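Structural features, examined
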Amino acid sequence: QVELVESGGGLVQAGGSLRLSCVASRSIFNFNTMAWHRQAPGKKRELVALMPNGGTTNYTNSVKGRFTISRDNAKNTVYLQMNSLTPEDTAVYYCNGRSRWTNSDYWGQGTRVTVSS
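The following refers to the structure shown. (Residues numbered from 1 in each chain as written. Predicted model: local features only at pLDDT ≥ 70, side-chain atom pairs only at ≥ 80, totals over all residues. Heavy atoms only, no water.)

**Some words on the pattern of salt bridges**
Here is the rule: Any Lys or Arg side-chain nitrogen found within 4 Å of a carboxyl oxygen on Asp or Glu counts as a salt bridge. Burial classes: relative accessible area under 20% of the type maximum marks a residue as buried, over 50% as exposed, and values in between as partly exposed (1.4 Å probe, protein chains only). Starting at the N terminus, helices and strands are each numbered in turn, a helix being any DSSP run of H or I of at least four residues and a strand any DSSP run of E of at least two.
Applying the stated criterion across every chain, the model contains four salt bridges. In this structure, the salt-bridge partner of Glu46 is Arg38, at a minimum N-O distance of 2.7 Å. Residue Glu46 is classed as partly exposed on the basis of its relative accessible area of 30%. Of the charged contacts in the structure, one is a salt bridge between Asp89 and Arg38, with a shortest N-O distance of 2.9 Å. Linking Asp89 in the loop between strand S8 (77–82) and strand S9 (91–99) with Arg38 in strand S4 (residues 31–39), this pair joins segments that are 51 residues apart in sequence. Among the residues examined, Asp89 registers a relative accessible area of 1% and is labelled buried. Taken together, the shared-partner salt bridges connect Arg38, Glu46, Arg66 and Asp89 into one network.

**So, the state of the cysteines**
So the rule is basically this: Count a disulfide wherever a pair of cysteine sulfur atoms falls within 2.5 Å.
Within this structure, the stated rule accounts for one disulfide. Shown here is the disulfide that connects Cys22 with Cys95, its sulfur atoms set 2.0 Å apart. Here the S-S torsion is close to -75°, and the disulfide linking Cys22 with Cys95 is therefore left-handed. Taken together, the residues span a long stretch of sequence, with Cys22 in strand S3 (residues 18–24) and Cys95 in strand S9 at a distance of 73 residues. For the residue pair Cys22 and Cys95, the accessibility class agrees, reading buried in each case.

**Structural notes on the sheet that holds strand S1 (residues 4–7)**
Put simply, the rule reads: DSSP bridges decide pairing: two strands pair if at least two such bridges lie between them. Lines are fitted to the C-alpha atoms to define the axes, a helix being fitted only along its stretch in contact, and any angle between axes, read from their N-to-C directions, falls within 0 to 180 degrees.
With respect to topology, four strands assemble into an open sheet ordered S1-S3-S8-S7, the strand pairing being antiparallel. Each edge of the open sheet is held by one strand with a lone partner, namely S1 and strand S7 (67–72). In this sheet, adjacent strand axes meet at a mean angle of 15° when their direction is disregarded. Sheet topology places S1 next to S3; four bridges connect them, and they run antiparallel. Each residue of the ladder has a partner; that of Val5, found in S3, is Val23.

**Regarding the pairing of S4**
Most of S4 is tucked away, with seven of its nine residues classed as buried. Of the strand pairs in this sheet, S4 and S9 are connected by eight bridges, and their pairing is antiparallel. Directly across from Met34, in S9, lies its bridge partner Gly97. Pairing of S4 with strand S5 (residues 46–52) involves six bridges; the strand directions are antiparallel. Its bridge partner lying in S5, His37 is registered against Leu47.

In structure tokens:
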């Protein structure tokens, strides 16, 4: 069983930055894609950033130019650097990996980000 563990959330003022981390219990080469999703209170979970293995990263429009997804293969870790945060970014952020072997989705437990105005 693969585990994904997020960290790095917290409370930050508008305009500030946070970096989220997602550590996988196995090599992230086991995943075709790694992604960050978020779910704001009362809203559906949405895709924030997607990183295909060897492909081009994609971002939802609202975070383009502010968020950056990256990976450190040696550490089995995926990051989400979030800059110029706004209260609209307040949500629980989830790490997601899709297995290259089974196409199953794996999820972390989530890390909460709160942006105050």
